[in-house]
Every structure is written in C-alpha cells, then in structure tokens.
Amino acid sequence: MAEALSSLSMSQYSCSLCLEVLKEPATLPCGHNYCLECINKHWDRLDIKGTCKCPQCEMEFHPRPQLYKNTTLSDLIENIKEHTVRRTPSKRKRKASMTNMASNSESHLQHPGESATSKRRKLEESTGNLKENFCTKHQRVLEMFCRTDKMFVCSECVATEHSYHDTKTLNEERAERKSQLESTTKEVKKRLQDKIKRVEKLKETSARIKISAEEEVQEHQKTFKSAIQFIERLKLIVIDMIRDQKRKKLRKDEELIKRLEKEIRELKKRDTELAELSQTDNHIHFLKKLPSLSLPPEDDSSPEVAGNGDFLPDSKRKKLTVLKERLEEIGSLGFVKTSKTGAVVSGDVLKNLRSRSNFLKYFQPLTLDPNTAHKHLHLSERKKKVTQEEKESRYHDHPDRFDYWQQVLCREELRGTCFYWEVEWSGKNVEIGVTYKGISRKGVGDECVLGFNDKSWNLSCSYCSCSAWHNKKETQINAPFCHRIGVFLDYSAGSLSFYSVSDSMTLLHRFSASFTESLYPAFRLGSESFVAICLPNQSSFYHL
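Residues numbered from 1 in each chain as written. Predicted model: local features only at pLDDT ≥ 70, side-chain atom pairs only at ≥ 80, totals over all residues. Heavy atoms only, no water.

A. Main features of the side chain of R174. Assignment of secondary structure puts R174 in helix α8 (residues 170–223). There is no salt bridge for the buried R174, and the closest opposite charge comes from D281, which lies 5.4 Å off by N-O distance. In terms of polar contacts, R174 uses its side chain to reach the backbone carbonyl oxygen of T280, at 3.0 Å. Setting aside residues up to four positions removed in sequence, R174 forms contacts with L277, S278, T280, D281, N282, H283 and F286. (Helix = DSSP H or I, 4+ residues; strand = E, 2+ residues; numbered from the N terminus. Buried < 20%, exposed > 50% of the residue type's maximum accessible area, 1.4 Å probe, protein only. Lys, Arg positive; Asp, Glu negative; His and termini not counted. Salt bridge = Lys/Arg side-chain N within 4 Å of Asp/Glu carboxyl O. Polar contact = N/O pair within 3.5 Å; in protein donor to acceptor, adjacent residues only side chain to side chain. Contact = heavy atoms within 4.5 Å.)

B. Region of interest: the packing of aromatic side chains. Throughout the structure, instances matching the rule amount to 14 aromatic pairs. Centre to centre, the rings of F359 and F488 are 5.3 Å apart; their planes meet at 75°, and the pair counts as edge-to-face. A residue pair is termed long-range when its members are at least 10 positions apart, and F359 in helix α13 (residues 356–359) and F488 in strand β18 (residues 484–490) qualify at 129 residues. Judged by relative accessible area, F359 falls into the buried class, the value being 0%. You can call F488 buried: its relative accessible area is 5%. In textbook terms, an aromatic cluster arises when at least three aromatic residues are bridged by ring pairs, as seen for F359, Y362, Y420, F488 and Y499. In this structure, R174 is placed above the aromatic ring of F286, and the distance from its NZ or CZ to the ring centre is 4.4 Å. The ring of F530 carries K385 above its face, with NZ or CZ at 4.5 Å from the centroid. (Phe/Tyr/Trp six-rings, centres within 6.5 Å; stacked < 30°, edge-to-face > 60°. Lys NZ or Arg CZ within 6 Å of the ring centre and 35° of its normal.)

C. Representation of the nonpolar core in the model. Judged by nonpolar contacts, the single largest core of 38 residues is most densely connected at W421, I432, I485, L489, L496, F498 and F523. When residues no more than four places from it in sequence are discounted, the contact partners of W421 are F363, Q364, L366, L414, V434, I485, G486, V487, L489 and P521. (Core = buried A, V, L, I, M, F, W, Y, C linked by side-chain atoms within 4.5 Å.)

D. Representation of the sheet that holds strand β21 (residues 519–525) within the structure. In space, the six strands of this open sheet follow the order β12-β21-β14-β15-β16-β17, with antiparallel pairing throughout. Across the chains shown, the open sheet's two edge strands, defined by having one partner strand only, are β12 (407–409) and β17 (473–476). Adjacent strand axes in the sheet meet at a mean angle of 20°, parallel and antiparallel pairs treated alike. Inspection of the sheet shows strand β16 (residues 466–470) paired to β17 by four bridges, in the antiparallel sense. Directly across from W469, in β17, lies its bridge partner E474. (Pairing = 2+ DSSP bridges. Axes fitted to C-alpha atoms, helices over the stretch in contact; angles between N-to-C directions.)

E. Main features of the environment of F152. By the secondary structure assignment, F152 is in strand β6 (residues 151–153). In contact with F152, not counting residues within four places along its chain, are L142, M144, F145, L170, I284 and L287.

F. Expanded view of unusual backbone geometry. Geometrically, the link from H62 to P63 is a cis peptide bond, its omega value of 0° lying close to zero. With a phi angle near 70°, K472 is a residue other than glycine that sits in the positive phi range. Tracing the backbone through its elements, the reader meets K472 in the loop between β16 and β17.

G. Up close: the side chain of E424. Mapped onto the secondary structure, E424 falls in strand β13 (residues 418–426). Among the polar contacts made by the side chain of E424, one reaches the side chain of R484 at a distance of 3.0 Å.

H. Spatial organisation of the pairing of strand β22 (residues 530–533). Side chains of β22 alternate between two faces, with F530 and A532 and V531 and I533 buried alike. Relative to β22, strand β11 (residues 385–388) is paired through three bridges, and the arrangement is antiparallel. Bridge pairing links K385 to A532 in β22. Judged from the four bridges that link them, β13 and β22 form a sheet pairing that is antiparallel. Note on β22: the bridge partner recorded for W425 is V531.

I. Looking closely at the confidence of the model for the protein chain. Summarising the model, the protein chain shows a mean pLDDT of 80, and 78% of its residues fall at 70 or more. A low-confidence stretch, residues 1–11 (pLDDT under 50), is modelled with 19 contacts involving residues beyond four sequence positions or located in other chains. Every residue in residues 332–352 is under pLDDT 50, and counting partners more than four places away or in other chains gives 28 contacts. (pLDDT = per-residue confidence, 0-100.)

J. Molecular detail of the sheet that holds β13. Ordered in space as β10-β11-β22-β13-β18-β19-β20, the seven strands form an open sheet in which the pairing is antiparallel. Bordering the open sheet on either side are β10 (377–379) and β20 (505–512), each of which pairs with just one other strand. Looking at each pair of strands side by side, their axes are set apart by 20° on average, direction ignored.

K. Representation of the environment of S393 in the model. Position of S393 relative to the elements: it lies in the loop between β11 and β12. Between the alpha carbons of S393 and H374 there is a distance of 8.4 Å; along the sequence they are 19 residues apart. In this view, S393 contacts K375, L377 and H378; residues no more than four positions away in its chain are not counted. Within the structure, S393 has its side chain in polar contact with the backbone oxygen of L377 (distance 3.2 Å).

L. The arrangement of the pairing of β20 in detail. Sheet analysis places strand β19 (residues 495–501) next to β20, joined by seven bridges and oriented antiparallel. Bridging across to β20, V501 finds its partner in M505. The hairpin turn running from β19 into β20, its antiparallel successor, is three residues long.

Shown next, in the form of structure tokens:
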C-alpha cells in the first residue's frame, strides 16, 4: 500500500483541501478533483448560494453546481490501493490506462442532451494527444511551463531539476499569451480591411485611367484636327504613347490587384485559423500552434497608380500646348476672315492679338437683359452693371428669368465672326462666360448653371482661385489675381479666350469648340458681388 500511495501524484489523486487521497472524488466543471464532502463543506463554510469558485484555479460557476461522485476515478484509486505496483507497466498498458482514464473521466463531465458528435468532439479537444500531455520521466500530467527551458513540465519536475527556474501554470502561461493572440487577430483584421480598401481604390483608379486616357486622346485629336500630314503622324504617335502608358498602368494595376486579392485570401484563412485556435481548450496545442500563425512584416513597397494624367512626359506635353496655342493664334496659311464691319482679318493680325489695341478692333458693346436677371440681381439704369443684393428687385415674372441661380444674360447675339469685350468685377466670386439661348432658366439642376452643361462656357473668379468650366469639367488656372477680364470670341474658328487685362494681356484659358448656335454673354454672381461692362477706353468700371 505504501508503494501504491507513493506512486500517486499528489496533485492528481489527492484533495487540495484535506491533503489526503481522494475519498468519494467529485470532479468540478473546470476539471479539478476534490473529496465530495470537502468541497461541499468548503462552499457551505463560505455560505455560497450563488456564484462559487474552484479553490485551485478560481474558475467561477453560477449557479453552484450539483456534484456527484466520480465512480471511474474512485474505482481507479481503489484499484491502485489494492494492488502494489511492483514494476513499471509496459508502454502499451500505460497508454491504454491513460486513454481509458481520460475517456471515462470525460464521460462524467458531459452534459445531458449533448449529441454523440458533440461529445466526441469535446473529448478529442480535451484529451488531444495523451502521450504529449504526460511527463515521460515521471509519468505525471504536464501541468506547468518552464520559461527558462521553454518546455512543459510536471509538478515533480518543478520540485526537482526545475526548482529554481521561472515556471508558470498552463493557465497562467496561456493567459499571458492570450494578449499575443488578440494582438495578432487585431492586426490580421486591420490588414484585411486595408487590403480590401486598396483593391477598391485601385479598381476605381483603373476606371479613371480608362476614362482620362480616352479624354486625353480626344483632346489631342482636336489639337491635330486641322494640321498638315506631319502633324497627323505626330498625333498618331502621341495617341500610341498614351494608350501604351494606359496599358502599362492597367497591367500594373491588374498585377497588384491579383497580388492583393491573394493576400486577402491568405489573411482570411489566417483569421479563420486564429479564431479556431482561440476556441481550443488544449493548452499545449494552443501554445504550439500560435507561433506558426504569427504574421510576417507588412510589405508596403507597392507603388500606388496615379488615377489620371502623366500619360506623356512634361516636356512633350508643354511642347504640344505651345503648338496648340500657336496654331490657334496664327491659323493656317491663306486663312482670312471677314469681320462684322467687312474688314479683312489676316493671319498676321491674329498672331499679334496679344496687343490689347488689336483686340479692341473687335470690341462689342454689351447690354444686360433685365428679363433674364434673377430677382436678387440689381441692374444699373443703363444696364451696364449688375450687383447681387439680399433684397429682391421688382421684376415682373418672365419665362426667360432665372428663378434659382443668380445669373443674367446680355441682349446681344454673337455669331459668325470675332467679338471682344471687357468687364470688371468685385466681391466674393463671379462667373464670366457665354451660353446658348437654350440654357434652362428654371430649377436647381446643372442644366441651368453656367459651365455645368454642354450649352455654356465660363471663367470662375474669386480672390483665392481661378478656373475654367464647361460641361462640369473644371480646369484650374494658376495666374495672378486680376479684377479686369477680357473675353475674345472667334466664333467661326471655335475659339473662346479669357485674358487678364492690366498693362499687358495675359491669356488665362482658351476653349476650343464647334459652336452650333448663337452665343450670349452671361454672368453669375456670388453674395455681395458685382460685374460691370467696360467701355473700350475706360480705366474703371461703370458707376451707373
């Protein structure tokens, strides 16, 4: 009997409350064993009616569980007491005994109503590889982790060769490692979301590349529309370069998307594995598996693809811009126009239009049309100045009046030749442009707004910025601030130019279009703003 008792593991077969060999052993839901009488007295002494704890691991149970004698464990202890262990059991018998013990013990922990599959799965998770759960030297359960030697040990190992080492119970070690699991899971989810967002962004970028590339192709096609055969060949070269760049960028995008989608699949798989690992009750399986699920360093070296532009080198783009301006100003050889007065406009005159005196030869007097003015726009007596005010003007209802946008048109119809006019403005912001008569006047839609439809073109001016608008497409302009704007319309050539007027003429922007209807000068005013139509030799705006 002495030999049998000496062979028992005190942590495995003794009650931690009375320190004696278990009598009528009862197994708590956490897996620790106590004498049935000891644990009940312990809880009774603490006057526990609701939540109670395991004296060893302090796991809480609510409500207080009803405990019963573990007959399998009781029989096992009785058998050990009755038979003295005279030799070490064979490997096969020892394995069978351990398997039977774990299996039978587990059967007493199962809850009623569980399916056979569920019970089998829980048994497999709790037992795992029984051989790995026992100390090969002392044949005891591995219940500690030695941090010094980074290995699992039993209680006798801790008392002997690992007595001065840094050891922790498996629960303590897992609790500290749990933060590593949570951190890794959080990083997986973060990377997963980042990859998904990058893929979405790249797909949007690819769509913009296709659109912007074709827009640039069309723009350069217009540039070479009236050019000679050499210019035509150059056009084809430029188009090929753009489309080749488009193909290269799209190919890079596709490669990057494929790579990111592969990483997304791997991260989703890793996320699933981490979730499954977090649910396992096998500490050894958890601690062994976790390092293999750690993430490698994130690779952020992948270049982002520009959504538009950069299809041609800057040097070539600038040369094409200069070429376009020269062609528009000079025109082709033998180009002649007839002005409204019958005068001949030669290519030499167009080439010198940067001189204000040459522009003034095509000066067009303008008058504001009160039938189109919004009710918050006030016209001067001579209809040469318009001011935005909060109070409403006493205009009669008219079908041509803008009822929402604070806009006004001029009476003059412009068609067939060259026209030039100048305006001065002040206030928060104003829009200066031209429009077809058919622009919508009622409602808040884009079809009513200057520059936001295919019927109008305008220059938007404010103290901090300047831009050109047509059909909702904006072109930003980098130019010094100027209160006086000159507008030159070459109707037959399809050219509308805006200039800042001071001591010299500075081109701000030029539209190229095929005008199909008569045009009317138009203005839109922001709050506390005004626009005044200037006379040819006037140094300041009208005060009427």
